Amino acid sequence: MSTASIGRFRWTVCALLFFATTINYMDRQVIGLLKPTLKDEFGWSDTTFGTINGIFQFFYASGLLIFGAIIDRVGTKVGYAISIIGWSLSAMGHALARATGGFTIARSALGLSEAGNFPSAIKAVAEWFPKKERALATGIFNSGANIGAVVAPIMVPLILAAYGWQMAFIVTGALGFVWLIFWWLMYEIPSRKKGLSKAEYDHIHSDDDEVATAATGSKVPWGKLLSVRQTWAFVFGKFLTDPVWWFYLFWLTGYFHDVFHQDISKVSWPLVIIYSSTTVGSIGGGYFSGYLINKGWPVYKARKTVMFIFALCVVPVVFVGYLSSMWAITALISLAAAAHQAWSANIFTTASDMFPKRAVSSITGIGGMAGSIGGIIFQPAVGMLLDDFTRHSNKTVRYTIICPVCGLAYILGWLIMRAFAPKQTRVQLD
């Protein structure tokens, strides 16, 4: 049956998730793009900057647990709305900060409220897509993170040069309220969506024996989720690899400024190239596993094979600290960042592969919390390491230590995930 005869509204849902994720990442990335300006404004060291990011991730981790439970209880539509209202107000609130304390409070509120994005989006994908399309749908909406990361390095320097750093937070924060209008008018679960064709409804549930019949469902206790090995496979995969992406998001502007003297009031083309490449990785990674599944591969085998391939693609970033060419370094980081997003599209989908829909947001929240805990440890450690090397060496050598950690994290994560979930098993929580 052709796509036209089946119906396409599920891809409209995917587009909504894409734009929400784009806004989400624009809001969180502003601090990294303004790092040199904010360091001068508030007198921060790299350790202070890393600590603020660590605090953000602490509240992000807490928010993932909170929103995972909230979304599983109140439903995707209401849960997502609560999240984006909170993070839009928090993003705009950065402009009111007059000292490090006020800035940290705004950052904490942003972390807490932004955490609702991925549990909501992953649950929406589970509600609207059959398993064979979920990795592609996840890759598409997750590429919003990359588009946000591409748009922000172009838009933020222009706003900074024309209006100052405060306006950068206000403009990006206000975008969330525009998205909210479309979300509230258009979204509903398939069983309640007026005008949805029977053909598309049947397609959505074609390879799943679970049908969402209500916006809410019985909450699965975290204790029960933590008692199964598949949860820990997801947890360790996120714990080891999420901090690497946070490093790319928050520290690359400072890296190119320190090492290659990039002017932050102008467009940083290395950053635009790096984050543009991640869009290819995100969509391509989702398409690749879906292609293998359509060819007859078991779901688990397809996901793990694709994740291993992309884990290998990250490894060359270990050599960044030994190169002197800005464009060679840009190429290696681009490959690693694209591979991360391909990995991310598939690891998110393993949650809906292994767990029933009513537990997906909670599992995503637990895994995201684990990734944030990794960031809580990694972000201040990066700041302290950079400050220490600045005192005793030079600004180029100090990144040589960090890159091998980034390059090897995915192989280790893949091995641990395979140890905890060596074969395809659907978790039964009843």
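Conventions used here
- Residues numbered from 1 in each chain as written.
- Predicted model: local features only at pLDDT ≥ 70, side-chain atom pairs only at ≥ 80, totals over all residues.
- Heavy atoms only, no water.
- Helix = DSSP H or I, 4+ residues; strand = E, 2+ residues; numbered from the N terminus.
- Buried < 20%, exposed > 50% of the residue type's maximum accessible area, 1.4 Å probe, protein only.
- Axes fitted to C-alpha atoms, helices over the stretch in contact; angles between N-to-C directions.
- Left-handed = near helix turned anticlockwise from the far one by under 90°.
- Contact = heavy atoms within 4.5 Å.
- Nonpolar A, V, L, I, M, F, W, Y, C, P; charged D, E, K, R; others polar.
- Salt bridge = Lys/Arg side-chain N within 4 Å of Asp/Glu carboxyl O.
- Phe/Tyr/Trp six-rings, centres within 6.5 Å; stacked < 30°, edge-to-face > 60°.
- Lys NZ or Arg CZ within 6 Å of the ring centre and 35° of its normal.
- Patch = residues over 30% accessible without salt bridge, like charges linked within 9 Å, V, L, I, M, F, W, Y side chains within 5 Å.
- Areas by Shrake-Rupley, 256 points an atom, 1.4 Å probe, with all protein chains shown as cover.
- Core = buried A, V, L, I, M, F, W, Y, C linked by side-chain atoms within 4.5 Å.

So, about the environment of Gln 166. Looking at the element boundaries, Gln 166 is found in helix α9 (residues 165–186). Given the relative accessible area of 27%, Gln 166 is considered partly exposed. A C-alpha to C-alpha distance of 8.8 Å links Gln 166 and Ala 97, two positions 69 residues apart in sequence.

What follows covers the packing of helix α13 (residues 269–294) against helix α15 (residues 326–354). For the pair α13 and α15, the least separation of the axes is 7 Å and the interaxial angle reads 35 degrees. Crossing geometry of α13 relative to α15 is assigned as right-handed. Contacts between α13 and α15 involve Trp 269, Pro 270, Ile 273, Ile 274, Ser 277, Thr 278, Gly 281, Ser 282, Gly 285, Gly 286 and Ser 289 on the former and, on the latter, Met 326, Trp 327, Thr 330, Ile 333, Ser 334, Ala 337, Ala 338, Gln 341, Ala 342, Ala 345 and Asn 346. Taken together, the residues that form the contact of α13 with α15 break down as eleven nonpolar, eleven polar and no charged.

The next thing to look at is the environment of Ala 311. Here Ala 311 lies in helix α14 (residues 299–314). Looking at Ala 311, the relative accessible area reads 0%, which means it is buried. Counting along the chain gives 99 residues from Ala 311 to Tyr 410, while the straight-line C-alpha distance between them is 5.0 Å. Residues contacting Ala 311, with those up to four places away along its chain left out, are Trp 343, Tyr 410 and Ile 411.

The tally for this structure, following the rule as stated, stands at nine salt bridges. In this structure, Arg 10 engages Glu 200 in a salt bridge whose closest nitrogen and oxygen atoms are separated by 3.1 Å. Here Arg 10, found in helix α2 (residues 9–33), pairs with Glu 200, found in helix α10 (residues 198–204); they are 190 residues apart in sequence, far enough to count as distant. Across the pair, Glu 200 and Arg 10 agree in class, each one buried. Salt-bridge contacts for Asp 353 lead to Arg 303; the nearest nitrogen and oxygen are separated by 2.6 Å. Pair noted here: Asp 353 is in helix α15 and Arg 303 is in helix α14, with a separation of 50 residues, a long-range link.

The next thing to look at is the packing of aromatic side chains. This model, assessed by the stated rule, comprises 38 aromatic pairs. Relative to Phe 129, the ring of Trp 11 has its centre 4.9 Å away and its plane inclined at 65 degrees; by these criteria the two rings are edge-to-face. Residue Trp 11 is located in helix α2, and its partner Phe 129 is located in the loop between α7 (117–128) and α8 (131–163); the two are separated by 118 residues in the primary sequence. An angle of 20 degrees between the planes, with centres 5.5 Å apart, marks the rings of Phe 236 and Phe 420 as stacked. Residue Phe 236 is found in helix α12 (residues 229–260), and its partner Phe 420 is found in helix α17 (residues 399–420); the two are separated by 184 residues along the sequence. Residue classification places Phe 420 among the partly exposed residues on the basis of a relative accessible area of 27%. Linked through ring pairs, Phe 42, Trp 44, Phe 49, Phe 103, Trp 165, Phe 169 and Trp 251 together constitute an aromatic cluster. The positively charged end of Arg 28 is found above the aromatic ring belonging to Tyr 25, 4.2 Å away from the centroid. Positioned above the aromatic ring of Trp 297 is the side chain of Lys 301, whose terminal nitrogen or guanidinium carbon lies 4.7 Å from the ring centre.

A contiguous nonpolar patch, built from Val 74, Val 78, Ile 82 and Trp 184 and spanning about 330 Å² of accessible area, is present on the exposed surface. Take Val 74: it is sitting in helix α4 (residues 46–74). Since its relative accessible area comes to 33%, Val 74 is described here as partly exposed.

Further remarks concern the environment of Lys 123. The topology assignment puts Lys 123 in helix α7. When the C-alpha positions of Lys 123 and Ser 324 are compared, they lie 44 Å apart, and in sequence the two are 201 residues distant. If near-sequence neighbours (up to four positions away) are discounted, Lys 123 is found in contact with Ile 71, Asp 72, Thr 76, Lys 357, Val 360 and Ser 361.

Proteins that are soluble and globular tend to have nonpolar side chains buried together. By size, the foremost hydrophobic cluster in this structure holds 122 residues, and its most contacted members are Leu 17, Leu 34, Phe 103, Phe 247 and Tyr 248. At 15 residues, α12 tops the list of elements feeding residues into this core. Those residues in contact with Leu 17 that sit more than four places away from it in its chain are Tyr 80, Ala 121, Ala 124, Val 125, Phe 141 and Trp 183.

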